[in-house]
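Observations on the model geometry
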Amino acid sequence: MITRRHALGLLAAASLLPSRGLANVSYQRSEIRDGLARRFFDAGTVGTFVAYKTDDYLIIASDKVRSGTAQLPASTFKIPNSLIALETGVVADPDKDIFKWDGVTRSIEAWNKDHTLRSAISVSAVPVYQEIARRIGQERMQKYVDLFEYGNRDIGGGIDQFWLTGNLRIDPVQQVDFIDRLRRGVLPISKRSQELVRDILPVTKVGDAVIRAKSGLLGAERGQPSLGWMVGWAEKGSAHTVFALNMDCPDPRLVPERMVLTQACLKDIGAI
């Protein structure tokens, strides 16, 4: 039986990412839409957008190349990091366990306070998640990154840095695959951990649609943004669309454009 995950992988391999070696797949539901790529050009940057319309087994992408180019995940790794924290017991309750501020004043004011897991993911507090990663430790972190089949699975470069400046890489299609498994609750961990992480994901409402998504920004903690991410899924009635966007953000003015462009692309494909 071809599961939704297999369909996603096969379609990506067949149409979007021929280098992955699955060229002869007869059943394909995938499209490249140049209009999505123009969204980035009009914003004064370059990027990629990949969406998976789950009811239709349909992948829509802005391009064939960058959609399969692996990058550091930045703070989108807070999603698997949260799952692992809950699964290992490093965090027992996302609303009650407190991570004390270490007293170091950082450029992002929202980080300079105590946090729960819920508040930390809301403001994307890097220091909190670095502490979580240290408590998880190298061995357990590797175990779960492998279980999740997350990107290239390489957590070299420091237990509290590998997703920011280290060796971990993931492409947009892989992000969509991972997020879709979380959305459906089929990752190889407890249902509770997945339910809690789905619940703490930041929510944006657009008309009658809901977007559950996590941002990422390389260099955010240094005040030197370079690459931005937005990954998650949109819900409109019973229809769900899983998506991943990344874009170059060399100028701070482009940082808020991550969600602006995400919403524009989702509207373009009728997801919101």
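In this report, the structure presented in the accompanying data block is examined. For clarity, every value in this text was computed on a predicted model and none was experimentally measured.

1. A few points about the overall build of the protein chain
- Assigned secondary structure in the protein chain consists of nine helices and seven strands.
- Counting only residues that meet the buried cut, the protein chain has 54% of its 272 residues in that class.
- Pairs at least 24 residues apart make up 62% of the contacts formed inside the protein chain by residues separated by at least 6 positions.
- Taken as a whole, the protein chain presents about 11500 Å² of accessible surface, with 50% of it coming from carbon and sulfur.

2. Concerning the environment of Gly89
- In this fold, Gly89 is placed in the loop between helix H3 (78-88) and helix H4 (117-122).
- On the basis of relative accessibility, which here comes to 48%, the residue Gly89 falls in the partly exposed class.
- For the pair Gly89 and Arg135, spaced 46 residues apart in sequence, the C-alpha to C-alpha distance is 10.0 Å.

3. Structural notes on the packing of H3 against helix H6 (residues 138-147)
- It is the contact of H3 with H6, at a shortest axis distance of 10 Å, that shows an interaxial angle of 115°. Along this stretch, H3 crosses H6, giving a crossing that reads as right-handed. When H3 is examined against H6, the residues Asn81, Ile84, Glu87 and Thr88 are found in contact with a partner set consisting of Arg140, Met141 and Tyr144.
- Taken together, the residues of the contact of H3 with H6 break down into three nonpolar, two polar and two charged.

4. Concerning the pairing of strand E3 (residues 58-61)
- Here E3 shows a buried face lined by Leu58 and Ile60 and a second buried face lined by Ile59 and Ala61.
- Taken together, the three bridges between strand E1 (residues 30-32) and E3 define a ladder with parallel strand orientation. Paired with Glu31 across the two strands is Ile60, which belongs to E3.
- With four bridges connecting them, strand E2 (residues 47-53) and E3 associate as antiparallel partners. Looking across to E3, one finds that Ala51 is bridged to Ile60.
- Counted along the chain from E2 to the antiparallel partner E3, the turn is four residues long, and its residue Tyr57 has a positive phi close to 50°.

5. What about the pattern of salt bridges?
- All chains considered together, the criterion is met by 15 salt bridges.
- With its nearest N and O atoms 2.7 Å apart, the salt bridge here joins Arg118 to Asp199. Taken together, the residues span a long stretch of sequence, with Arg118 in helix H4 and Asp199 in helix H8 (residues 191-200) at a distance of 81 residues.
- Residue classification places Arg118 among the partly exposed residues on the basis of a relative accessible area of 27%.
- With a closest N to O distance of 2.8 Å, Glu131 and Arg135 form a salt bridge. Taken together, the positions of Glu131 and Arg135, both in helix H5 (residues 126-136) and four residues apart, correspond to about one turn of that helix.

6. A short note on the side chain of Gln175
- Position of Gln175 among the secondary structure elements: in helix H7 (residues 172-184).
- Reaching out from Gln175, the side chain makes a polar contact with the side chain of Thr76 at a distance of 3.1 Å.
- Setting aside its immediate chain neighbours within four residues, Gln175 contacts Pro73, Thr76, Tyr150, Ile170, Trp229, Val231 and Ala244.

7. Digging into the packing of H3 against H7
- Put simply, H3 and H7 touch, their axes get as near as 11 Å, and they point 40° apart. Comparing the axis directions of H3 and H7 gives the class oblique. Handedness of the crossing formed by H3 with H7: left-handed. Contacts between H3 and H7 involve Ile79, Pro80 and Leu83 from the first element and Phe178, Ile179 and Leu182 from the second.

8. Let's talk about the nonpolar core
- By size, the foremost hydrophobic cluster in this structure holds 56 residues, and its most contacted members are Ile132, Met141 and Phe148.
- In this view, Ile132 contacts Asn81, Ala85, Val90, Phe99 and Leu117; residues no more than four positions away in its chain are not counted.
- Ala234, Phe243, Met247 and Ile272 belong to the second largest nonpolar core, which has 28 residues in total.

9. Concerning the sheet that holds E2
- Taken together, the seven strands give an open sheet; going across it, the order is E1-E3-E2-E7-E6-E5-E4, and neighbouring strands pair in mixed fashion. Edge positions in the open sheet fall to E1 and strand E4 (203-206), since each of these has one partner strand only. On average, each strand axis in the sheet is inclined to that of its neighbour by 20°, with strand direction left out of account.
- Sitting on the sheet, H7 is in contact with E2, strand E6 (227-236) and strand E7 (239-248), with an inclination near 145° to E7.
- Helix H9 (residues 257-268) contacts E2, E4, strand E5 (209-217), E6 and E7 of the sheet and is inclined by roughly 135° relative to E7.

10. Some remarks on the packing of aromatic side chains
- This structure, assessed with the given rule, holds eight aromatic pairs.
- Considering the side-chain rings of Phe77 and Phe162, the 5.1 Å spacing of their centres and the 80° angle between planes classify their relative orientation as edge-to-face. In this pair, Phe77 sits in the loop between E3 and H3 while Phe162 sits in the loop between H6 and H7, placing the two residues 85 residues apart along the sequence.
- Accessibility expressed as a relative area gives 0% for Phe162, which makes it buried.
- Between the aromatic rings of Phe77 and Trp163, the centroid separation amounts to 5.6 Å while the plane-to-plane angle is 20°, which identifies the pairing as stacked. With a gap of 86 residues between them, Phe77 in the loop between E3 and H3 and Trp163 in the loop between H6 and H7 connect regions that are remote in the sequence. Residue Phe77 shares its accessibility class with Trp163, and that shared class is buried.
- One aromatic cluster is present, formed by Phe77, Tyr144, Phe148, Tyr150, Phe162, Trp163 and Phe178 through successive ring pairs.

What counts, and where the lines are drawn
- Residues numbered from 1 in each chain as written.
- Predicted model: local features only at pLDDT ≥ 70, side-chain atom pairs only at ≥ 80, totals over all residues.
- Heavy atoms only, no water.
- Helix = DSSP H or I, 4+ residues; strand = E, 2+ residues; numbered from the N terminus.
- Buried < 20%, exposed > 50% of the residue type's maximum accessible area, 1.4 Å probe, protein only.
- Contact = heavy atoms within 4.5 Å.
- Areas by Shrake-Rupley, 256 points an atom, 1.4 Å probe, with all protein chains shown as cover.
- Axes fitted to C-alpha atoms, helices over the stretch in contact; angles between N-to-C directions.
- Left-handed = near helix turned anticlockwise from the far one by under 90°.
- Nonpolar A, V, L, I, M, F, W, Y, C, P; charged D, E, K, R; others polar.
- Pairing = 2+ DSSP bridges.
- Salt bridge = Lys/Arg side-chain N within 4 Å of Asp/Glu carboxyl O.
- Polar contact = N/O pair within 3.5 Å; in protein donor to acceptor, adjacent residues only side chain to side chain.
- Parallel < 35°, antiparallel > 145°, perpendicular 65-115°, else oblique.
- Core = buried A, V, L, I, M, F, W, Y, C linked by side-chain atoms within 4.5 Å.
- Phe/Tyr/Trp six-rings, centres within 6.5 Å; stacked < 30°, edge-to-face > 60°.

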